[in-house]
Amino acid sequence: MQHFSANCCQTSSMNDAELINQILNGNMNAFTFLVTRYQKLVVHITGRLIQRQDELEDVCQDVFMKVYQNLGKYRNECKLSTWIATIAYNTSINYLRKFKKGDEINPDDSTALRNLTDFNSVDYEKADLYRYIREQIENLPVQYRTVLTLFHLEEFSYQEIEQITGMPEGTVKSYLFRAKALLKEKLKFVVDNNSLKTVKEISNES
Amino acid sequence: MNHEKLESIIERSFKTEPDYHLPDNFAQMATSRVVQRSQWLTDLFEYLYLIAIVVLLLGAATGTYYLVNKELLLQIFAFISGNAVQVAMVVFILNFILFADRVLLRLLFSRWNRT
């Protein structure tokens, strides 16, 4: 037991390269620590994409299984977090293709706007707005949810998101912009002035 | 509410973690699944190595007997070809027992323990 806890302390202070070396040498405590370190990243990406709590655990386990199986192929060309995020993204997209309807993958903005529900609160308290926006993020098209999660929540750069998703940088920027525009469109009545651009105007610009 | 305020609320909402969560012991579960999976592959390869060694030993014994006692070897081949079905069944059953012992039962027990 002492040996185990000492091992845990050692692994917790390791950087990614040392952790990978330990795992490749058969240290499973190091793998447990790697999972602990990156499970939040994986659950954010996978959860936002597949949106099914009951399937989430299995898909996340698949992701870490692939991480373990392919760890020997990992080269330091990108950060480990980017590499793991790529596996999580691909696994989730494959899950969506397999178990969900194909039309969810490529909807247009007008469909996406129709999918968003109206904000009903009259006195638009800040907390209501937060809750509403968080709910609507889940109603956005899958690409928008992906780039929002990767950019805002996980703070990946545009280049890293391009590596993870395979979307060109311009597309990533456009999705981020349009996702925000869709939400603003739904919330434009809460703004005093008329300074917000409509989705149509933004789509024409991009 | 002005435009900037709405903008900052949207930005903060984007940075808020979604409500998806994993069990507290997820890391341990993921590790044990990886161990089970790799254990199954190890067991399978061990079984295949064992079969390969047996086949090699039989080959070597056949070669040796061919040089030392060709008559006995021919008698054995005659017996095998005369009782091909029975010999094939015995080989199949022995092979299946070995496979079940080395791979199948271990895999089933580990799956059973998981559930």
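For clarity, every value in this text was computed on a predicted model and none was experimentally measured. (Residues numbered from 1 in each chain as written. Chains lettered and ligands numbered in written order. Predicted model: local features only at pLDDT ≥ 70, side-chain atom pairs only at ≥ 80, totals over all residues.)

> With reference to specific residues and values, describe the nonpolar core.
Residues and elements named next belong to chain A. Of all hydrophobic cores here, the largest spans 55 residues; its most connected members are Val42 and Ile84. Per-element accounting of this core gives the leading share, twelve residues, to helix H3 (residues 28-50). Summarising the domain contributions, this core has at least three residues from each of domain 1 (1-100) and domain 2 (102-206). (Core = buried A, V, L, I, M, F, W, Y, C linked by C-beta atoms within 7 Å. Buried ≥ 20, exposed ≤ 12 C-beta atoms within 10 Å, placed from the backbone. Helix = DSSP H or I, 4+ residues; strand = E, 2+ residues; numbered from the N terminus. Domains from an automatic or database assignment.)

> Summarise the interface of chain B and chain A; cite the residues concerned and give the values.
Every contact between the two is made by 25 residues of chain B and, on the other side, 36 residues of chain A. At the level of elements, helix H1 (3-15) and helix H2 (26-68) of chain B are the ones that each hand at least two residues to the side of chain B that touches chain A. Looking at the side of chain B that touches chain A, the element that brings in the most residues is H2(B), giving nine residues. The residue makeup of the side of chain B that touches chain A, split by class, is 14 nonpolar, seven polar and four charged. (Contact = placed C-beta atoms within 7 Å. Nonpolar A, V, L, I, M, F, W, Y, C, P; charged D, E, K, R; others polar.)

> Help me get a handle on the packing of H3(A) against H2(B), residues and values and all.
Packing of H3(A) against H2(B) leaves a shortest axis separation of 9 Å and a crossing angle of 135°. As far as their axial angle goes, H2(B) and H3(A) are oblique. For H3(A) against H2(B), the interelement crossing comes out right-handed. Contacts between H3(A) and H2(B) pair Met28(A), Phe31(A), Thr32(A), Val35(A), Thr36(A) and Gln39(A) from the former with Phe26(B), Ala27(B), Gln28(B), Ala30(B), Thr31(B), Val34(B) and Val35(B) from the latter. Grouping the amino acids of the contact of H3(A) with H2(B) by side-chain chemistry returns eight nonpolar, five polar and no charged. (Axes fitted to C-alpha atoms, helices over the stretch in contact; angles between N-to-C directions. Parallel < 35°, antiparallel > 145°, perpendicular 65-115°, else oblique. Left-handed = near helix turned anticlockwise from the far one by under 90°.)

> I'd like a description of the domain arrangement of chain A, backed by residues and values.
Residue and element names in this part refer to chain A. The assigned domain composition of chain A is domain 1 (1-100) and domain 2 (102-206). Across the contact, 13 residues belong to domain 1 and 15 residues belong to domain 2. Elements supplying a minimum of two residues to the side of domain 1 that touches domain 2: H3 and helix H5 (80-99). Residues that form the side of domain 1 that touches domain 2 fall into these classes: seven nonpolar, four polar and two charged.

> So what about the confidence of the model for chain A? Which residues, and what values?
For chain A, the mean per-residue pLDDT works out to 81, and 71% of the residues sit at or above 70. Taken together, the stretch residues 1-6 of chain A has pLDDT below 50 and engages in zero contacts with residues farther than four places along the chain or on a different chain. (pLDDT = per-residue confidence, 0-100.)

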